[in-house]
Amino acid sequence: MDGHVLLAYDYPVLGAFWTVMWIFLWVLWLMLLFRIIIDIFRDHDMSGWVKAAWLLFVVIVPFLGVLVYVIARGKGMGQREFKAAQDQRQAMDTYIRETAGGGGNAQELAKLSELKAKGDLTEEEFQQAKAKLLQ
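Heads up: these notes are all about the structure in this document. Every value quoted in this text rests on a predicted model; they were computed, and no experiment measured them.

Observations regarding the overall build of the chain
Logical step 1: Tallying secondary structure elements over the chain gives four helices and zero strands in all.
Logical step 2: From first element to last, N terminus to C terminus, the chain shows the α and β order α-α-α-α.
Logical step 3: The buried share among the 135 residues of the chain stands at 16%.
Logical step 4: For the chain, long-range pairs separated by at least 24 residues make up 41% of all intrachain contacts whose partners lie at least 6 apart in sequence.
Logical step 5: When the accessible area of the chain is evaluated, it comes to approximately 11,000 Å², of which 67% is carbon and sulfur surface.

Regarding the nonpolar core
Soluble globular proteins tend to bury their nonpolar side chains together.
Logical step 1: The biggest cluster of nonpolar side chains holds eleven residues, and these are Trp29, Leu33, Ile36, Ile37, Ile40, Met46, Trp54, Val58, Val66, Tyr69 and Met77.
Logical step 2: Only helix H1 (13-42), helix H2 (48-60) and helix H3 (62-118) provide two or more residues apiece to this core.
Logical step 3: With five residues, H1 is the single largest residue contributor to this core.

What about the packing of aromatic side chains?
Logical step 1: Under the criterion given, the structure shown has four aromatic pairs.
Logical step 2: On the numbers, 4.6 Å between centres and 35 degrees between planes, the contact of Trp29 with Phe63 is tilted. One end of the pair, Trp29, is in helix H1; the other, Phe63, is in helix H3, with 34 residues separating them in the sequence.
Logical step 3: Between Trp54 and Phe57, the ring centres sit 6.2 Å apart and the planes meet at 50 degrees, which makes this aromatic pair tilted. Pair noted here: Trp54 and Phe57 are both in helix H2, with a separation of three residues, about one helical turn.

Examining the pattern of salt bridges
Logical step 1: Applying the stated criterion across every chain, the model contains ten salt bridges.
Logical step 2: The salt bridge partner of Asp43 is Arg73, with a shortest N-O separation of 2.0 Å. Of this pair, Asp43 sits in the loop between H1 and H2 while Arg73 is found in helix H3, placing the two residues 30 residues apart along the sequence.
Logical step 3: What makes Arg73 buried here is its relative accessible area of 18%.
Logical step 4: Between Glu114 and Lys118 there is a salt bridge, and its shortest N-O distance comes to 3.9 Å. Within this pair, Glu114 and its partner Lys118 are both found in helix H3, separated by four residues, close to a single helical turn.
Logical step 5: By relative accessible area, Glu114 is classed as partly exposed at 47%.
Logical step 6: Residues joined in a network through salt bridges with shared partners are Asp39, Asp43, Arg73 and Arg80.

Each value, and the rule that gives it
- Residues numbered from 1 in each chain as written.
- Predicted model: local features only at pLDDT ≥ 70, side-chain atom pairs only at ≥ 80, totals over all residues.
- Heavy atoms only, no water.
- Helix = DSSP H or I, 4+ residues; strand = E, 2+ residues; numbered from the N terminus.
- Buried < 20%, exposed > 50% of the residue type's maximum accessible area, 1.4 Å probe, protein only.
- Contact = heavy atoms within 4.5 Å.
- Areas by Shrake-Rupley, 256 points an atom, 1.4 Å probe, with all protein chains shown as cover.
- Core = buried A, V, L, I, M, F, W, Y, C linked by side-chain atoms within 4.5 Å.
- Phe/Tyr/Trp six-rings, centres within 6.5 Å; stacked < 30°, edge-to-face > 60°.
- Salt bridge = Lys/Arg side-chain N within 4 Å of Asp/Glu carboxyl O.

Next comes the structure, spelled out in structure tokens:
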């Protein structure tokens, strides 16, 4: 056998711990970097040139750029995130109201159909009520 086989006991527990720690820090760094880049584009108060300058600063000198961005604009990041979440929720609520509003007519038509099936409504009354609902 000319190749060296790496067994579990050849990799110490402390080595595994440091590997996991470095992977965690790398993922944390990427999340922070992408969050800052998203915040740069989300801010509608900055002009295009200012956004480009921040983006270049964060990409070219990443550690210093991220640190300076968080110090200079960190408070606004939370406010912009909160506003974006509010806008998204408001859009979703509006969509649900509009979609559910159409369901009201369907429920009324089902009630009318049920009343007609019981014999409480004549065919003519049913058609009049249905036309009134669909207008």
